Amino acid sequence: MKDREMHPISAVLGPVKTKLLASLPPGEAPLVAWQWVSGQRVADNAQAVRYQDEVLIVAVRDDDWRRELTAMAASYVGRINQILPRSIRVKRIAFEKPSA
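Residues numbered from 1 in each chain as written. Predicted model: local features only at pLDDT ≥ 70, side-chain atom pairs only at ≥ 80, totals over all residues. Heavy atoms only, no water.

(A) How the structure looks around the environment of V58. Looking at the secondary structure, you find V58 in strand β2 (residues 55–60). Sequence separation of V58 and I93 is 35 residues, and the distance between their C-alpha atoms is 7.1 Å. Not counting chain neighbours up to four residues away, the residues in contact with V58 comprise W34, A46, Q47, A48, I93, A94, F95 and E96. (Helix = DSSP H or I, 4+ residues; strand = E, 2+ residues; numbered from the N terminus. Contact = heavy atoms within 4.5 Å.)

(B) Structural detail: the packing of aromatic side chains. One pass over the structure, following the stated rule, counts two aromatic pairs. One aromatic cluster is present, built from ring pairs that chain together W34, Y76 and F95. (Phe/Tyr/Trp six-rings, centres within 6.5 Å; stacked < 30°, edge-to-face > 60°.)

That's the geometry; what it means functionally is another story.
This is the structure:
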């Protein structure tokens, strides 16, 4: 029996996620990508609400979350762009508290 080479699941899921995101309207794909990239705990406290002019707008629970995520924004942008189709790019993420 021939040995099969093992690959990390992330190597398989990345292209699958990109394909799924490509099937969405361009304005929705970055919002879904945010959920996948940010993880459950962050997504529970910071929800992507809009994508406009290559900026992803994320509503955060409070100023502490805004500060923490702003410090990590460049990393999130890179990870989101890795799974988005090449025709859709996020240049920056704006973290905002929702209006009361």
